[in-house]
Amino acid sequence: MTVDARTTSDDLATRLRHDAWRLLFEDPARLRTDLAALIRSQPDALPLAQGFRALAIDVIGADLLYDIPGAPLARAGDEPSPGIRRLRGLIEHRRAGDAAAALHHIDTALSDPEPPLPLSRAIVEEQRALVHLASGETTAALSALAAAGAHAAAAPTLAQRIQFESAVAHALRGNLRDARHYLAVGEAIPVAAPAGAVTGEWRDVARGLIAVESVSHPQLTAGLHLPPIESATDLWPLVALVRGREALVARAPLRALETAEFALDCHDATTPFAASAMTWLMVSALVDLDDAPRAHAVVATAPPTTLVDLARARLALHENARADALRITGAVLARPGTAMAERGEALLLRLWAVALGDELDPRECTIAARLATFSSLRRLFALVPTWLIAQIAAALDEPSRERMSRATVDLAPYRPMTATPPVLTTRESAVLQALFTFDSISQIAAAMFVTPSTVKSQLSSVYRKLGARGRAEAMAIATRLDLIDL
């Protein structure tokens, strides 16, 4: 008895329509083999193969048929299955920054009279989450990821990626405890195939965000394999944000600025999150570089988002526009649904603005002290000047002051120079002035008729208030802030 090749290929096509969704994640090598066989035996199945080829490129980052003779390329007029066509359409709209069109495709796919297969539904819900992430709506993204996870049981690799994406969304919100939880859950899922390119990138971005937000060690992303900014697709704003924030914490604002500029050279910031994240990164770097005119030019064309408002507040502080900073941060704190990380940054910037002219409110300082104990907000405390930390601590009761000291003591090396002069005592100003005249502590002590230990103590206080790590840096800051008479 002979086997009809046409019947065999029909069976293969039928099975692929139902099983290709699972094979796409769990056994892409098998899917590659089956699609190649289908191409050879049944030319009219080319649209189906073409559809899954394009889908593989979009959702796992791999071209399964790149070296197979006769493999179909995308062509105008190809009509793969309606489910694949809708999914590809919504991915194209999402990447183009058209959230409304992408969400319309999603709603259409999920309201089809013939319900989609569970795995295709999981992918559609995952795409909904990515639309919300691109819009900066992390709460809605987490809701969609929960729905996606409920339909992904047949594909552990997809379920794993959904966990990593959930970890990223929580890290963006400042919920590092939940971010670590979802990262650990994802890493514990047993998968038959190694993590695909896209899944591995989400995992490393989650790890990078957690490391940078918690300032867990000096070389924050050492050992991580973050994707190159130029080749990342959906993830490029997140990769740039991780690398740029790492540079800011390391007090390398020029590197942070170059990171944002390179990212924008390689990609179009078509989504609200991409545009606002790059704006925040560039303005933060430009403020540290004392380039206010260019920072104003950056925010002038930025979208009206919370991240952009925080960048404007930071720029206002740099220019001593205290009233503007208070107005902007007050609006952010009053805005419903603001993520904890954004609220924490707004509170610290507000305290900074208040400290420039008034006494700090002990209640707000107590809230700040509590925030300092959250590992997810350590980066924020590394980006405000030492003198502000000292003033917040001075407004606290002893237990709160002790907790804040323990939480922030190791962040001192990361603290930035500040454009706002701290308040120095008469003796501290004299010691600072003497740095420019004398070469040694003993010479300063002799000129001021005090002991060397007294000079050392006063210099230590000066360095702390300036956020300086030594004599040369203190002199540079003092010159920049016009704290000495030359």
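Procedures and definitions
- Residues numbered from 1 in each chain as written.
- Predicted model: local features only at pLDDT ≥ 70, side-chain atom pairs only at ≥ 80, totals over all residues.
- Heavy atoms only, no water.
- Helix = DSSP H or I, 4+ residues; strand = E, 2+ residues; numbered from the N terminus.
- Buried < 20%, exposed > 50% of the residue type's maximum accessible area, 1.4 Å probe, protein only.
- Contact = heavy atoms within 4.5 Å.
- Core = buried A, V, L, I, M, F, W, Y, C linked by side-chain atoms within 4.5 Å.
- 1 Å grid on protein atoms, 1.4 Å probe; cavity = no way out; pocket = protein on both sides within 12 Å on 5 of 7 lines; lining within 4 Å.
- Points joined across faces, edges and corners; volume = space filled by probe spheres on them.
- Nonpolar A, V, L, I, M, F, W, Y, C, P; charged D, E, K, R; others polar.
- Salt bridge = Lys/Arg side-chain N within 4 Å of Asp/Glu carboxyl O.
- Phe/Tyr/Trp six-rings, centres within 6.5 Å; stacked < 30°, edge-to-face > 60°.
- Lys NZ or Arg CZ within 6 Å of the ring centre and 35° of its normal.
- pLDDT = per-residue confidence, 0-100.
- Expected span 1.5 Å × (residues − 1).
- Axes fitted to C-alpha atoms, helices over the stretch in contact; angles between N-to-C directions.
- Parallel < 35°, antiparallel > 145°, perpendicular 65-115°, else oblique.
- Left-handed = near helix turned anticlockwise from the far one by under 90°.
- Arc of directions from axis to C-beta.

Draft legend 1. Quick look at the overall build of the chain. A count of helical and extended segments in the chain gives 25 helices and zero strands. Across the 486 residues in the chain, those meeting the buried criterion constitute 52%. Partitioning the intrachain contacts of the chain with sequence separation of at least 6 by distance along the chain shows that 67% fall at a separation of at least 24.

Draft legend 2. Representation of the nonpolar core in the model. Counting residues in hydrophobic clusters, the biggest one holds 136 residues, and the most contacted among them are Leu 158, Trp 202, Leu 238, Trp 280 and Ile 392. Take this core: its biggest share by element is 11 residues, from helix H13 (residues 272-288). Ignoring anything within four residues of it in the chain, the contact list for Leu 238 reads Val 168, Leu 172, Trp 202, Val 205, Leu 209 and Phe 273. Grouped together as the second largest cluster of nonpolar side chains are 16 residues, Leu 435, Val 455, Leu 459 and Tyr 463 included.

Draft legend 3. Main features of empty space enclosed by the protein. As enumerated under the stated definition, the model contains two cavities of 30 Å³ or more in all. Quantified by volume, the second largest cavity comes out at close to 40 Å³. As for the second largest cavity, its lining consists of Arg 94, Gly 97, Ala 99, Val 131, Ala 134, Ser 135, Thr 271 and Pro 272. Of the residues contributing to the lining of the second largest cavity, the split by class is four nonpolar, three polar and one charged.

Draft legend 4. Highlighting the pattern of salt bridges. Per the counting criterion, the structure on display carries 20 salt bridges. Of the charged contacts in the structure, one is a salt bridge between Arg 350 and Glu 364, with a shortest N-O distance of 2.9 Å. Note that Arg 350 is positioned in helix H17 (residues 340-355) and Glu 364 in helix H18 (residues 362-372), a separation of 14 residues in sequence. The exposure class of Glu 364 is buried, given its relative accessible area of 17%. A salt bridge links Asp 361 to Arg 363; the shortest N-O distance between them is 3.2 Å. A residue is classified by how much of its surface remains accessible, and Arg 363, at 64% relative accessible area, is exposed. Overlapping salt bridges, with partners in common, bring together Glu 187, Arg 203, Asp 204 and Arg 207 in one network.

Draft legend 5. View of the packing of aromatic side chains. Across all of its chains, the model carries zero aromatic pairs by this definition. Over the aromatic face of Trp 280 sits the side chain of Arg 245, whose NZ or CZ is 4.7 Å from the ring centroid.

Draft legend 6. Structural context of the confidence of the model for the chain. Residues with a pLDDT of 70 or more make up 84% of the chain, whose mean pLDDT is 82. Mean pLDDT in the chain bottoms out at helix H1 (residues 5-26), which sits at 68, and peaks at helix H7 (residues 138-150), which reaches 95. For residues 1-5, every residue scores under 50 in pLDDT, and the model assigns this stretch one contact once sequence neighbours within four places are set aside.

Draft legend 7. Seen up close, helix H15 (residues 306-318). Its 13 residues give H15 an end-to-end C-alpha distance of 19 Å, which sits within 8% of 18 Å, the value for a rise of 1.5 Å per residue. Backbone geometry just after H15 places Asn 320 at a positive phi near 60°.

Draft legend 8. How the structure looks around the packing of H13 against H15. It is the contact of H13 with H15, at a shortest axis distance of 8 Å, that shows an interaxial angle of 15°. By the criterion of interaxial angle, the relationship of H13 to H15 is roughly parallel. Handedness of the H13/H15 crossing: left-handed. Residues Ser 276, Ala 277, Thr 279, Trp 280, Val 283, Ser 284 and Val 287 of H13 pack against Leu 307, Val 308, Leu 310, Ala 311, Arg 314, Leu 315 and His 318 of H15.

Draft legend 9. Up close: unusual backbone geometry. Although it is not a glycine, Arg 251 adopts a positive phi angle of roughly 60°. Tracing the chain through its elements places Arg 251 in the loop between helix H11 (236-249) and helix H12 (253-266). Phi is positive for Asp 290, close to 60°, though the residue is something other than glycine. Along the polypeptide, Asp 290 turns up in the loop between H13 and helix H14 (292-300).

Draft legend 10. Structural detail: helix H21 (residues 398-408). Three or more residues of H21 are buried, namely Ser 400, Met 404, Ala 407 and Thr 408. The arc enclosing the buried residues of H21, seen along the axis, measures out at 80°, which places them on a common side. In this structure, the buried residues of H21 make contact with H18, helix H19 (378-382) and helix H20 (386-394).

Draft legend 11. Fine view of the side chain of Asp 34. Along the polypeptide, Asp 34 turns up in helix H2 (residues 28-41). Taking relative accessible area as the criterion, Asp 34 reaches 7% and is therefore assigned buried. Excluding anything up to four places from it in sequence, Asp 34 contacts Leu 12, Arg 15, Leu 16 and Leu 23.

Draft legend 12. Structural context of the side chain of Gln 127. Mapped onto the fold, Gln 127 is located in helix H6 (residues 118-134). Residue classification places Gln 127 among the buried positions, given a relative accessible area of 3%. Once you skip the residues sitting within four places of it in the chain, Gln 127 turns out to touch Leu 87, Leu 90, Ile 91, Arg 94 and Ile 106.

Draft legend 13. View of the environment of Leu 377. Tracing the backbone through its elements, the reader meets Leu 377 in the loop between H18 and H19. Residue Leu 377 is classed as buried on the basis of its relative accessible area of 1%. Sequence separation between Leu 377 and Val 215 is 162 residues; the distance between their C-alpha atoms is 8.9 Å. Look past the residues within four positions of Leu 377 in its chain and what remains in contact with it is Glu 213, Met 340, Ala 341 and Leu 371.

Draft legend 14. Here's a closer look at the environment of Gly 149. Along the chain, Gly 149 turns up in helix H7. For the pair Gly 149 and Ala 122, spaced 27 residues apart in sequence, the C-alpha separation works out to 6.7 Å.

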